[in-house]
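# Tertiary structure, described
For reference, the chains in residue letters:
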Amino acid sequence: MPTINVLGVPHTYDSTPPVASADVLVFVHGWLLSRHYWKPVMHLLENQHQSIAYDLRGFGDSKLPPEIDADISLSRYRLAAYANDLGTLLSQLNVSNVWLVGHSLGGSIAIWGAHLFPEQVKGVICVNAGGGIYLKKEFERFRAAGQQIVKLRPKWLCQVPFLELAFLKAATVRPLSRQWARQRLIDFVMAHPEAALGALLESTTEAEVHRLPEIVANLKQPVYFIAGAQDPIMEPQYVKHLASFHPLFDECADNVVEIPNCGHLAMTEQPIAVAETIQTIVATHQVEKAQSSI
């Protein structure tokens, strides 16, 4: 479980060994989750690509230094701020030719990462991520509910017998294994309260929601979207809406892949389908790049 210092905060990450492919996959997790959920997909792809998954600042094992806890502003949790962390991480790990793969909130961070670091980021694959439509009442309810969730997370919840069973089918179609339910409980409880609240509030403002389609529309890199057909949090219609702003949507209408029998945790519910989709996308662009150089 190596760590690397990113702008004063130790970040924990996992990495598979380098392989012949020049393209490196960097995985970004979602809100109240951690790098662990990418392990099944990373394992399936380890012979094709080196993969790196890291814990966002304040989530998983990337804890915030205690000395700055009392002086944290919400601006540190904007999508652009997390994307800046990501760019610094890439530089310090000395990786380029990167495809960013982001889940939910991590998908938005990946899009910002491609925008801010076009030289390193060659493409983006968003998993259970979309949006770009600001529905005032719905977002107000979502933000209010999220704030209550953040407040009601005493750490002793991890010690309550069988409480992980509540996470077996939360926003999923297929019940997860007990192991994954337990991991979801741990990540839910242990996320730093400042980071959990800040990331929620800063990523759901009207300005931030409307900015995302603008960025997608202007990205020069390919951007793809993987949707869960029964995702109750990020429904396929909202995934397709954000995808429609990218030129690939008009050119070939296949920058959205919808996985059946899948909810909001595609990488753990349907890891084989997610891994195969990622490999197909990256391999296609490798062939196109090779052909263009002839």
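Relevant structure appears above.
Let us look at the structure shown here. Sequence order as written defines residue numbering, which begins from 1 separately in each chain. Only residues with pLDDT of at least 70 are given local features in this predicted model, and only at 80 or more are side-chain atom pairs given and counted; all residues enter the totals for whole chains, interfaces and linings. Side-chain numbers here rest on the full set of heavy atoms in the structure, without hydrogens or water.

Attention now goes to the overall build of the protein. In terms of regular secondary structure, the protein is built from 11 helices and 8 strands. Restricting the calculation to C-alpha atoms gives the radius of gyration, and the globule rule supplies 2.2 Å times the number of residues raised to the power 0.38. Here the C-alpha atoms of the protein give a radius of gyration of 18 Å, agreeing with the 19 Å that 2.2 N^0.38 yields for 294 residues. Reported as C-alpha extents along the three principal axes, the dimensions of the protein are approximately 60 × 40 × 35 Å. For every residue, the accessible area obtained with a 1.4 Å probe (protein chains only) is divided by the maximum for its type, and the residue is called buried under 20%, exposed over 50%, and partly exposed between those limits. Buried positions account for 53% of the 294 residues belonging to the protein. For the purposes of this entry, the term helix denotes a DSSP run of H or I that reaches at least four residues, the term strand denotes a run of E that reaches at least two, and both are numbered from the N terminus.

For the rest of this paragraph, the subject is the environment of L185. Residue placement: L185 occurs in helix α5 (residues 178–190). Residue L185 is classed as buried on the basis of its relative accessible area of 1%. Linking L185 and V239, residues 54 residues apart in sequence, is a C-alpha distance of 26 Å. Whether two residues touch is decided by their heavy atoms; if any such pair falls within 4.5 Å, the residues are in contact. Ignoring any residue separated from it by four or fewer positions in sequence, one finds L185 in contact with L157, C158, L163, E164 and F167.

For the rest of this paragraph, the subject is helix α2 (residues 79–93). By this rule the span expected of a helix is its residue count minus one, scaled by 1.5 Å. Its 15 residues place the ends of α2 21 Å apart at the C-alpha level, agreeing with the 21 Å of an ideal helix rising 1.5 Å per residue. Taken residue by residue, α2 has L79, A81, Y82, A83, D85, L86, G87, T88, L89, L90 and L93 as its buried positions. Phi turns positive, to about 60°, at N94, one or two residues after α2.

Now for the layout of surface pockets. By volume, the largest pocket amounts to about 1300 Å³. If you go around the largest pocket, you meet 41 residues; those closest to its centre are S104, F142, I233, M234 and H264. Of all elements in the fold, only α3 (105–116), α4 (136–151), α5, α6 (193–203) and α7 (206–218) reach the threshold of two or more residues within the lining of the largest pocket. In terms of residue count, α4 provides more of the lining of the largest pocket than any other element does, 6 residues in total. Under the scheme applied here, ten amino acids are nonpolar (Ala, Val, Leu, Ile, Met, Phe, Trp, Tyr, Cys and Pro), four are charged (Asp, Glu, Lys and Arg), and all others, including Gly, are polar. Its residues assigned to classes, the lining of the largest pocket shows 25 nonpolar, 12 polar and 4 charged. Computed from the structure, the second largest pocket encloses a volume of approximately 210 Å³. Lining residues are those with an atom within 4 Å of a point, where the points come from a 1 Å grid over the protein atoms alone and group into cavities, where a 1.4 Å probe fits but cannot get out, or pockets, open sets with protein on both sides within 12 Å along at least five of seven lines. If you go around the second largest pocket, the residues you meet are A22, D23, W99, K122, P222, V282, H285, Q286 and K289. Grouping the amino acids of the lining of the second largest pocket by side-chain chemistry returns 4 nonpolar, 2 polar and 3 charged. Grid points are joined across faces, edges and corners, and a volume is the space filled by probe spheres set on the points.

Attention now moves to the sheet that holds strand β7 (residues 223–228). Strand order in this open sheet of 8 strands is β1-β2-β4-β3-β5-β6-β7-β8, and the pairing throughout is mixed. Both outer strands of the open sheet, β1 (3–6) and β8 (256–259), are each paired with one neighbouring strand and no more. Averaged over all adjacent pairs, the angle separating strand axes in this sheet is 25°, with direction ignored. In this scheme, strands are said to pair when DSSP sees at least two bridges between them. Note: strand β6 (residues 121–127) against β7, 4 bridges, orientation parallel. By the bridge assignment for β7, V127 is matched with I226. As a rule, the C-alpha atoms of each element are fitted with a line to give its axis, helices using only the stretch in contact, and angles between N-to-C directions run from 0 to 180 degrees. The strands touched by α3 are β3 (24–28), β5 (98–103) and β6; relative to β5, the strand with the most contacts, the crossing angle is about 150°.

Of all hydrophobic cores here, the largest spans 59 residues; its most connected members are V26, F59 and I111. In terms of residue count, α2 provides more of this core than any other element does, 7 residues in total. Setting aside its immediate chain neighbours within four residues, V26 contacts I52, Y54, L86, L90, V98, W99, L100 and V101. Of all hydrophobic cores here, the second largest spans 28 residues; its members include L33, V127, L265 and I278. Among buried residues, those of type Ala, Val, Leu, Ile, Met, Phe, Trp, Tyr and Cys that are joined through side-chain atoms within 4.5 Å constitute a nonpolar core.

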